Structure formats: structure tokens, C-alpha cells
Amino acid sequence: MNTQEAREKTSPKLAFGYSLGEVGCQMSWYMVNNYLTLFYTDIVGLTASAISLIMLIARVWDAINDPMMGSIADRTNTKWGRFRPYLYFAPPVLAIFNILTFTVWPMTGMAKAAACLICYIGTGMAYTAASIAYQALQNVIAIDSQVRMNLATARGIGSSVIGIILSMVAAPTLLALSKPGAEVADAQGYFRFAIVLSILMIPAFWATAVICKEKYTDQLHKPTENSEKLGFVGAIREIMKNDQLLMVVLATVLGTICVSGRMGLLTYYIIYVVGDFMHIATFFTVMTVAQLIGTLFLPIGTKKLGKKGYLIFLQMLMNAGFLVMFLFPNAGIPFLLVVSFVCGLCNSASSVCYGLVADSIEYGDWKLGRRQEGVAASMLSFGVKLATALCGSVGVLLLAAVGYIPNADQTEATRQGINAVVNLLPFVIGVVSLIPMLFYKLDAKRVSEIRADLDAGKHAWDQ
């Protein structure tokens, strides 16, 4: 192992600073991911078909925009580095669009839907600029594979901590900021809470930019025979040759459908099946507390089973939780909360994916002679956005297909349909998500060998 790599330790300050970026990401995206569909149906009054079209157009464009942003970031050179400038300049723009997204526009019909679409696209583009830079930053502030995994763990801890806080306060705060006497959150509550979160997220991003200096950018981007800059199309063609990264992206797409897609519809289950708006805070808090606990075990789990092995273990356990919740929907709230806790533990798997991407970047450099942190990070983000596009578009149509009627008592058949959409479908997709990992071959030993080759100036074509 390279001596510099062997000496590198995880700095608590660096880990804390890096985790704050995820705090900013979650403060921006929490409401979009968990409440936007509900906001569109019950507050804005959009039809299921309109919401489906908005979600599909916005998220597909967002997914396409991710690799474009990654390519731009890879070609950025400033005194602050390649990625840090975007953590300074993108968050204020993101804050504005977050607020506009949760605004009820005084329009009707297609005009209202168009306004919602424009605001949602703006939010996605601003979020992409900040989040892609943040993801890529991990790969130039550390060089050791395990240190990068520890930074991914710190990111997961930041996500879990802010997730716990938001899960506890979101629903009650939405209600408190609504008009007096409201039994559920209204337009005023959503708008005011979006302002609060948007203001608070900006310093979180800025703190990450200040603390996380790009220490290894110059060392990792030493000129090679393939060091000429690529345009967007060339960068995408090149990154598609990284077969290990593609396996991670495919697994992430399917895993995101399981988790984020389910979370986006879980509010309907709690409100209309469990029967209490305030139970949203209970379920979400239990799951995010569990995710924090699961994240704390990531360094141990990934060392014992390897990143790939631990990811497979977590996904299998989560699949079992989904199946149990589908088979026993009437077992009572305490039972459902216990199973939700188990599923929440497994949500920490998302942090493992970031560690796998870091290793895939090393592999890509070794195989292709080119590092593309921005584009590689964007590919994972592309997978997540593609999955959420499918979930946002298909999810609301599935609700309509099982007979969901906004702001009404649901029939028994509809409640059973919601149970199947929220639990059975994610179980099936979760099983399928395990297949790509069978083709992933970068264990700790192989990554160490690749890093040693790169430090010695060797690549795949030299073997």
C-alpha cells in the first residue's frame, strides 16, 4: 500500500465539515421528496395526470442535467478548486426556487401546472449544481478508500441527524404555521416552512465549502496520455466504459425506487390507512433515528463484510421488512413502528453507494487514464433522479389506479391497494436491485492494488 495512503487518517473536523453539506442537501430536498406530491394533490389541487406529467418532465430533465453539470464541474479550475465554488454560489439560488416550488400560484388549469413545472425544474437545476459538487468533493479531499468511506459515513450521519430533526418537527411545524384552526397543513404552512428551511440551509453549504479544502486535486489530476479535456458528449462516452460504476448506478436506481419512492408515498399510507396526520412525524422520526444508528455501524460493517457484502446484507434485510409490512398491515402501530425501525436501519445503505462510487473512480482512472469525479458523481445522481422521476410519475398514477380520492375517506379496497404500492412493489424491486451487485468486483484488496498502480504511474494498458 502507498505510504501516503497508509498514513492518511480521518480528520474529525473534515468529517464534520463534509457532513454539513448533506445537512444542506436534506434541508432543501426533504420537503420535495416527502411532501411535494401531497402538496400538489391536496393543496394546489392538481390532477393525478398533471402531477405525473410534471414529475416526469422535471425529473427526466433533471437527470439529463446531472451529467452536464458533472462535466462542467470537471472542467472548472479556480483558486477555490473544481467543486467548492458551486457550494458558495448555488445555494442562494436553490433557496429561492425551493420557496417558489411551495407557492400556490393564483392561476388555473394549464397555467397553474406550467408554473409548478417551471419552479420544480428550477429547484432541480439549482440542487444539481450544489449536490453534484458536494458529492464529487469527497474524492479530492481524501485519497484513502477507507477514509473516503468514513466521509461517506459522516455524510450519512449528517443526513440522519437532520432527517431526525425534520421528521420530528416538519408535520407539527407545517400545522403550526398554517392558519389557526387548521386540522392539516394548508398553503400558508407549506410556504412559510419552505422559507425557514431555505434560509437555514445556505450556511450549511457554505461551511462545507470553507472547511473542505481540495487537498488532492492536483495530485490526482496529473497529466497522462489521456489528459486532454473532453466535451460533454466525450465525457459521457468515456464514463460509460467504466463497467463497475455502471453496476453501482444501476443498483442505486433500483434501490432508490425502493426507498425514496416508498417514502414519497408513505404519507398517504399514514394519513389514510393509519388514520392520523400527526403519525407522519412518529413514523419518519423512528426511521431516521434508525438510519442514524445504522450509519454509525457502517465503518464496522464495511470492514467486516466489505462494501459490496454489507450493501447486499442491508438490502436483503430491508426487503424482508417490506414483505412483513405487506403481510401484516393490521398488526398495530407499535408493530409497524418496529418494522419501520428495521427498514430505517437499512436506509444507511445509501452511504455505502457513495463509497462504491469513490472506488469506481479509482478503477476508471486505472482503466481509462482519466479521472472524472464530477461526471462520476453525476452518474449516481442521475440514477437517483431517474428513479425519483419514475416514482413521482408512476406513484401518483398507482394511487389513482387503486382508487385514491384526495381529502376523502378511502375504501377498504383502496387501503389494500395503498399497502401493496407502499410495501409489496418496493419488495419486488428491492430483490431485483441485488442483481447488479453480483457483477461488482472491487473489493478492498483490489482497490488498494489499483491505488498502488496509479501512484506508480501504471494503468490497465501497462499490465
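For the structure given in this document, a descriptive report is provided here. (Residues numbered from 1 in each chain as written. Predicted model: local features only at pLDDT ≥ 70, side-chain atom pairs only at ≥ 80, totals over all residues. Heavy atoms only, no water.)

Describing the overall build of the chain
And step 1. Looking only at helices and strands, one finds 17 helices and 0 strands in the chain.
And step 2. Over its C-alpha trace the chain gives a radius of gyration of 22 Å, about what one expects of a compact globule, namely 23 Å for 463 residues.
And step 3. In terms of its C-alpha atoms, the chain occupies a principal-axis envelope of roughly 65 × 45 × 35 Å.
And step 4. Considering the chain as a whole, with its 463 residues, one finds that 57% of them fall into the buried category.
And step 5. The long-range fraction of contacts in the chain, counting pairs at least 24 apart against all pairs at least 6 apart in sequence, stands at 83%.
And step 6. A gap of 4 Å separates the mean positions of the 34 positive and 28 negative side-chain charges of the chain. (Helix = DSSP H or I, 4+ residues; strand = E, 2+ residues; numbered from the N terminus. Rg over C-alpha atoms; globule rule 2.2 N^0.38 Å. Buried < 20%, exposed > 50% of the residue type's maximum accessible area, 1.4 Å probe, protein only. Contact = heavy atoms within 4.5 Å. Lys, Arg positive; Asp, Glu negative; His and termini not counted. Charge placed at Lys NZ, Arg CZ, Asp CG, Glu CD.)

Quick look at the packing of aromatic side chains
And step 1. Under the definition given, this model contains 13 aromatic pairs.
And step 2. Measuring from ring centre to ring centre gives 5.1 Å for F39 and F102, while their planes differ by 55°; the resulting arrangement is tilted. Note that F39 is positioned in helix α2 (residues 12–44) and F102 in the loop between α4 (84–101) and α5 (109–137), a separation of 63 residues in sequence. This pair shows no difference in class: F39 is buried, exactly as F102 is.
And step 3. Considering the side-chain rings of Y310 and F313, the 6.1 Å spacing of their centres and the 20° angle between planes classify their relative orientation as stacked. Residue Y310 and its partner F313 are both found in helix α12 (residues 298–327); the two are separated by 3 residues, about one turn of the helix. (Phe/Tyr/Trp six-rings, centres within 6.5 Å; stacked < 30°, edge-to-face > 60°.)

A few points about the nonpolar core
And step 1. Y35, Y40, L46, Y120 and Y190 are the most contacted members of the largest nonpolar core, which totals 132 residues.
And step 2. Here Y120 is in contact with W29, V32, L36, Y40, I54, M55, A58, R59 and T101, once residues within four sequence places are set aside. (Core = buried A, V, L, I, M, F, W, Y, C linked by side-chain atoms within 4.5 Å.)

Observations regarding the environment of M201
And step 1. Here M201 lies in helix α7 (residues 187–211).
And step 2. Owing to a relative accessible area of 0%, M201 belongs among the buried residues under this scheme.
And step 3. For the pair formed by M201 and W366, sequence separation is 165 residues and the distance between their alpha carbons is 37 Å.
And step 4. Other than its neighbours up to four places away in sequence, M201 contacts G24, M27, S28, P91, L94, A95 and N98.

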